[in-house]
Amino acid sequence: MTTAWSRRALLATGGGAALALGLPTAASATGSAALPASAASTTAADEFAALRAKWRDLYLGTGFSPTAEPFKSKLADLGAQASGFHSTMAPARGSLWPDLVHLDPEPDTDTESFNFSANMNTGYNRLRTMAEAYSQPGTGVTGDTGLRDAVITGLDHLYADVFNESTARYGNWWNWQIGAPQALMDTCVLLYDALSDVQRANYCNAVDKFLPDSAVGSYTGTSTGANRVDLCRGMILRGIVGADAAKVALAVDALSPVFPYVTTGDGFYPDGSFVQHTSIPYIGGYGAVLNDGLGRLFALLRGSTWEITDPGSRQFLDTIDAAIAPFIYDGLMMDNVSGRGITRVGASDHTRAHGVMASIVLLGMGAGPEENARWRAMVKGWLQRDYYAPALKAGSLSLVNTARLQTLLDDTTVTASPEPAAHRVFHNMDRATHRRRGWGAGLSMASDRIAHYEFGNGENKRGWHTGAGWLQWWGDGAGLEQYSDAYWPTVDPYRLPGITVSRKKLADGQGGAWANPKPGTKWVGGTGDGEFGTSGQHFQGLASTMHARKSWFWLDDCVVCLGSGITSADGAAVETVIDNRCLGASGTQRLLLDGVAQPATQGWTTTRTTTWAHLDRHAGYVFPGGTELHALREERTGSWKDINDGGTATPNTRRYVTLWKDHGTDPADSSYAYILMPGASSKRTADRAADTGWLQILANDAGRTGIRVPSLGFTGVNFWAAGTAGKVTASAPVCVQIHEKRDGTATISVSDPSRTVTGLTLTWKRPVKSVLSKAETVTGVQTGSSVTMTFGDLSRSRGATHTVRVRVR
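Residues numbered from 1 in each chain as written. Predicted model: local features only at pLDDT ≥ 70, side-chain atom pairs only at ≥ 80, totals over all residues. Heavy atoms only, no water.

Some thoughts on the overall build of the chain
Reasoning step 1: Across its full length, the chain holds 20 helices and 33 strands.
Reasoning step 2: Whereas a compact globule of 809 residues would reach a radius of gyration of roughly 28 Å, the chain reaches 28 Å, a difference of no more than 12%.
Reasoning step 3: Taking the principal axes of the C-alpha coordinates as reference, the chain spans close to 80 × 60 × 50 Å.
Reasoning step 4: Here the chain holds 809 residues, and the buried ones make up 60% of them.
Reasoning step 5: When contacts within the chain are restricted to residue pairs at least 6 apart in sequence, those whose partners lie at least 24 apart make up 69%.
Reasoning step 6: Within the structure as shown, the chain displays about 28300 Å² of accessible surface, and the carbon and sulfur contribution to it stands at 51%.
Reasoning step 7: Each charge sign in the chain was given a centre, from 74 positive and 75 negative side chains, and these centres are 7 Å apart. (Helix = DSSP H or I, 4+ residues; strand = E, 2+ residues; numbered from the N terminus. Rg over C-alpha atoms; globule rule 2.2 N^0.38 Å. Buried < 20%, exposed > 50% of the residue type's maximum accessible area, 1.4 Å probe, protein only. Contact = heavy atoms within 4.5 Å. Areas by Shrake-Rupley, 256 points an atom, 1.4 Å probe, with all protein chains shown as cover. Lys, Arg positive; Asp, Glu negative; His and termini not counted. Charge placed at Lys NZ, Arg CZ, Asp CG, Glu CD.)

Here we look at the sheet that holds strand β27 (residues 735-740)
Reasoning step 1: Taken in spatial order, the seven strands make up an open sheet running β22-β23-β24-β27-β28-β33-β30, and their pairing is antiparallel. At either margin of the open sheet sits one strand with a lone partner, and together these are β22 (696-700) and β30 (768-774). Direction aside, neighbouring strands of the sheet carry axes that sit 15° apart on average.
Reasoning step 2: Where β30 and strand β33 (residues 801-808) come together, five bridges link them in antiparallel fashion. Paired with Val768 across the bridge in β33 is Val808. (Pairing = 2+ DSSP bridges. Axes fitted to C-alpha atoms, helices over the stretch in contact; angles between N-to-C directions.)

Comments concerning the packing of aromatic side chains
Reasoning step 1: Scanning all chains against the criterion turns up 26 aromatic pairs.
Reasoning step 2: Pairing Trp470 with Trp488 gives two aromatic rings, centres 5.3 Å apart and planes at 85°, and the pair type is edge-to-face. Of this pair, Trp470 sits in strand β9 (residues 468-475) while Trp488 is found in helix α18 (residues 487-490), placing the two residues 18 residues apart along the sequence.
Reasoning step 3: Residue Trp488 is classed as buried on the basis of its relative accessible area of 10%.
Reasoning step 4: Site record: aromatic cluster; members linked through ring pairs are Tyr329, Trp470, Trp474, Tyr483, Tyr487, Trp488 and Tyr656. (Phe/Tyr/Trp six-rings, centres within 6.5 Å; stacked < 30°, edge-to-face > 60°.)

Description of a positive patch on the surface
Reasoning step 1: On the surface, Lys741, Lys769, Arg805, Arg807 and Arg809 cluster together to form a positively charged patch.
Reasoning step 2: Position of Arg807 relative to the elements: it lies in strand β33.
Reasoning step 3: Given the relative accessible area of 31%, Arg807 is considered partly exposed. (Patch = residues over 30% accessible without salt bridge, like charges linked within 9 Å, V, L, I, M, F, W, Y side chains within 5 Å. Salt bridge = Lys/Arg side-chain N within 4 Å of Asp/Glu carboxyl O.)

Some details on the sheet that holds β9
In a beta sheet, neighbouring strands are held together by backbone hydrogen bonds and run either parallel or antiparallel to one another.
Reasoning step 1: Overall, antiparallel pairing links the four strands, which are arranged β6-β7-β8-β9 in an open sheet. This sheet does not close on itself; its edge strands, each paired only once, are β6 (422-426) and β9. Averaged over all adjacent pairs, the angle separating strand axes in this sheet is 10°, with direction ignored.
Reasoning step 2: Where strand β8 (residues 439-445) lies against β9, seven bridges are found, and the strand directions are antiparallel. When the sheet's bridge partners are listed, Ala441 is paired in β9 with Trp473.

Things to note about the pattern of salt bridges
Reasoning step 1: Tallied over the full model, the rule gives 39 salt bridges.
Reasoning step 2: With a shortest N-O distance of 2.4 Å, Arg93 and Asp161 are connected by a salt bridge. Placement of the pair is Arg93 in the loop between α6 (71-88) and α7 (111-135) and Asp161 in helix α8 (residues 145-161), with a sequence separation of 68 residues.
Reasoning step 3: By relative accessible area, Asp161 is classed as buried at 14%.
Reasoning step 4: Between Asp208 and Lys247 there is a salt bridge, and its shortest N-O distance comes to 3.5 Å. In this pair, Asp208 is assigned in helix α10 (residues 197-210) and Lys247 in helix α12 (residues 245-254), connecting sequence segments 39 residues apart.
Reasoning step 5: Owing to a relative accessible area of 21%, Asp208 belongs among the partly exposed residues under this scheme.
Reasoning step 6: Residue Lys247 is classed as buried on the basis of its relative accessible area, which comes to 10%.
Reasoning step 7: Each of Asp208, Asp213, Arg238 and Lys247 takes part in one network of salt bridges that share partners.

Structural notes on the environment of Asn121
Reasoning step 1: By the element assignment, Asn121 lies in helix α7.
Reasoning step 2: Note: C-alpha distance between Asn121 and Leu158 (37 residues apart in sequence) is 9.9 Å.
Reasoning step 3: Apart from residues no more than four positions distant in its own chain, Asn121 is found in contact with Trp174, Asn175, Gly179 and Ala180.
Reasoning step 4: Among the polar contacts listed, one links the side chain of Asn121 to the backbone nitrogen of Ala180, at a separation of 3.0 Å. (Polar contact = N/O pair within 3.5 Å; in protein donor to acceptor, adjacent residues only side chain to side chain.)

Observations regarding the pairing of β27
Reasoning step 1: Burial analysis of β27 places six of its six residues in the buried class, which makes it a mostly covered element.
Reasoning step 2: Of the two faces of β27, the one carrying Cys735, Gln737 and His739 and the one carrying Val736, Ile738 and Glu740 are both buried.
Reasoning step 3: Relative to β27, strand β24 (residues 714-719) runs antiparallel, the two being bridged by five bridges. Along β27, the bridge assignment pairs Asn718 with Cys735.
Reasoning step 4: Counting the residues between successive antiparallel strands, the hairpin from β27 to strand β28 (residues 745-751) contains four residues, one of them, Gly744, with a positive phi of roughly 85°.

Considerations on α6
Owing to its 3.6 residues per turn, the α-helix aligns residues three or four sequence positions apart on the same side.
Reasoning step 1: In this model, α6 (18 residues) spans 26 Å end to end at C-alpha, consistent with the 26 Å of a helix rising 1.5 Å per residue.
Reasoning step 2: Buried residues in α6 make contact with α7, α8 and α17 (399-410). (Expected span 1.5 Å × (residues − 1).)

A few points about the packing of helix α5 (residues 44-60) against α7
Packed helices, taken two at a time, are described by the angle between their axes plus the distance between the axes.
Reasoning step 1: Closest axis-to-axis distance for the α5/α7 pair is 12 Å, and the angle between their directions is 95°. Taken together, the axis directions place α5 and α7 in an arrangement best described as roughly perpendicular. Within the contact between the two elements, α5 uses Arg56, Tyr59 and Leu60 and α7 uses Arg128, Glu132 and Ser135.
Reasoning step 2: Of the residues assigned to the contact of α5 with α7, the class counts are two nonpolar, one polar and three charged. (Parallel < 35°, antiparallel > 145°, perpendicular 65-115°, else oblique. Nonpolar A, V, L, I, M, F, W, Y, C, P; charged D, E, K, R; others polar.)

Looking at the side chain of Ser113
Reasoning step 1: Looking at the secondary structure, you find Ser113 in helix α7.
Reasoning step 2: Excluding anything up to four places from it in sequence, Ser113 contacts Asp104, Glu106, Pro107, Asp108, Tyr170 and Gly171.

Considerations on the environment of Leu383
Reasoning step 1: Checked against the element boundaries, Leu383 lands in helix α16 (residues 369-385).
Reasoning step 2: Along the backbone, Leu383 and Ile566 are 183 residues apart, and their C-alpha atoms lie at a distance of 43 Å.
Reasoning step 3: Leave out the neighbours within four places in its chain, and Leu383 touches Met357, Ala391, Leu405, Leu408 and Leu409.

A look at the confidence of the model for the chain
Reasoning step 1: Averaged over the chain, the pLDDT score is 93; the fraction of residues at 70 or greater is 95%.
Reasoning step 2: Predicted confidence is poor over residues 1-41, with pLDDT under 50, and the contacts of this stretch with residues over four places away or in other chains come to 76 contacts. (pLDDT = per-residue confidence, 0-100.)

Digging into the nonpolar core
Reasoning step 1: Counting 181 residues, the largest nonpolar core has Phe163 and Leu405 as the members making the most contacts within it.
Reasoning step 2: Residues contacting Phe163, with those up to four places away along its chain left out, are Met120, Tyr124, Leu158, Trp176, Ala180, Pro181, Leu184, Ala206, Val207 and Phe210.
Reasoning step 3: Counting residues in each nonpolar core, the second largest holds 27 residues, with Ala730, Ile738, Ala775 and Val806 among its members. (Core = buried A, V, L, I, M, F, W, Y, C linked by side-chain atoms within 4.5 Å.)

Describing the packing of α5 against helix α9 (residues 173-190)
Reasoning step 1: In contact at an axis separation of 9 Å, α5 and α9 are set at 110° when each is read in the N-to-C sense. Classed by the angle they form, the pair α5 and α9 counts as roughly perpendicular. When you trace α5 past α9, the crossing you get is left-handed. Taken together, the residues of α9 that come into contact with α5 (itself represented by Arg52, Trp55, Arg56, Tyr59 and Leu60) are Asp186, Val189 and Leu190.
Reasoning step 2: Taken together, the residues of the contact of α5 with α9 break down into five nonpolar, no polar and three charged. (Left-handed = near helix turned anticlockwise from the far one by under 90°.)

With respect to the environment of Gly272
Reasoning step 1: With respect to the element layout, Gly272 can be found in the loop between β1 (267-268) and β2 (274-276).
Reasoning step 2: According to the relative accessible area criterion, Gly272 is buried, its value standing at 3%.
Reasoning step 3: Measuring from C-alpha to C-alpha, the distance between Gly272 and Asp318 comes to 8.8 Å, with 46 residues separating the pair along the chain.

See below:
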């Protein structure tokens, strides 16, 4: 009988699962463990040869049939692409291909120079593609010596012309330290035996020039997080190609700062947050790169002299559940953790998830059996439910990742798991996710810690308001394509769903490249009990005087959205965008306002007092007490180049239905209230609007925003300042949620989003019999006809949740 051990128990035994990815065993984690006899007797040259063979397999993939689909078509496409590169390659001074001029007439670090350095990097990537087509079976050019010799000619040309020991770096540092070294060393591994000793030495010397030991000398600047893993990968491969043991050892040691959780700056945080560029939530971009890079390096170095033995590397496996899975929904990676990458033509929230899913499968091989089984079931569920851009049909995956995922999909012993019903708060990156069976949502906020948006390399020029309370969601019927179908080049950037925004005109890239502009507000965050959640944001607009206090209460079938204290002096209109749904190129989904169907004509608009609205196959919207609602149908046209300098100029046209509340020009203390019901039918929406007792708004002003839903036993309050809302009184500005359960217990969740509260007294006027458990920060509890809790210093917890469980009378 096989016992299902936990990952930690299994790793503690030093068992085979740890070896599967090169994670430290119990022996190796505590010191320099003796090498196996077979390894001890292996010569250094043989060990480097073995590592090259292993990397070759990791890069090319194994275990797939080149005559079976989808591999047959992928291999044929690879061969055709490589043949095209071969036929058009024309070495000349300053270029290897006519369309990739890398010689910079005025070398510096301006935008123009970025293009030249990118062309150099692209040249190396084309050569790697040609080498891969030569090495893979079934490409039509497999083993073609003419193709192989062309690759070597190209390598020699780029070395002599641009990437050598005498060249001064220009343009983007990334192309010189990460992009080109990785592509060059990958190619050297694939064609190792066809290269002379002199050629290999030249290429290694060039890498040493631009990727010196000093690049990993300190954990700072551009040498942190995912960038550090990429730098180490290039250095490790350079050591393997050049048989330099010291280089490999240095790079392995340089990985150690990546593993521990951080409290500021780049890296993984204990709450599952991942930040890059000091203030950008980035698990969908740099985090995915880090995940993939470490997974492959663990596998590469397993069992070698340089096996990764840092005890902190075990912690890395925790990021799958804590940091990555909460942002993947039915096979897509939420855009709110993908930075400027959301504006790249040819990529989408789906394609960004595909490689991550394959990495999870690879990492699962080094986890405990329970964890591996759970991850495989989770990934299989994503694969099966993604009807819009399935990973194995979308064409974005490499062959090796296609093989991993196809094997999983074909494995009849794995039963796909459904999306979990869970609420997660990522207080270190101002994000929250809420998932129910049938729908999911993600919230994006900004604070004095997290930027409004990221702009750089000419990318994401109009992402200004993606931190202004942007609420993205997916529901049954029409959801998975919502932000994938040319959404970003066509959506009105001033009308992202959920945001409160000044219509003041902003410049492309407002704030400047890499500036990562942040608002000056601190009270941003939330709390939750894993099932329900309460979020709040004191928001200040980008380059604006506009302030708003925004709240979200996350429940079973809806999100209750409230706003207050909306004030501005920009001389521009201020709006709260209730929703802005893309209907595709020709959508005519019916819109109901208070049960009356509205025209489907493009350009139609109306303003009227409304209590509920419904958009077919999308959602229902309820406005407690009624609101003056603005509605618009429109076609919008834009190109990827409008928002990303590297995009195409081809126009895209999509249809939208937009619902918003106009707060007027320069409002003073305006407010809003609505209930978003993803996937709801028109009947359920109408019934919710008619049930006026379902929701009780306890307060909605500049001091407090709170609700109670009696049928759910739910109370949530954002105290922007000390005060009382309903039966809850707080002595300091905190976020409070109370969830009464049917078993006679209640969970009280408290957080300090502003990170300023050094002491708190919290009273709930509800008879309480006893305290079942309490956070360490709770210094005292008085029960009886009400419960009063005193908390110590909450500011040091950086916005984390503090929980008290009680038994009510």
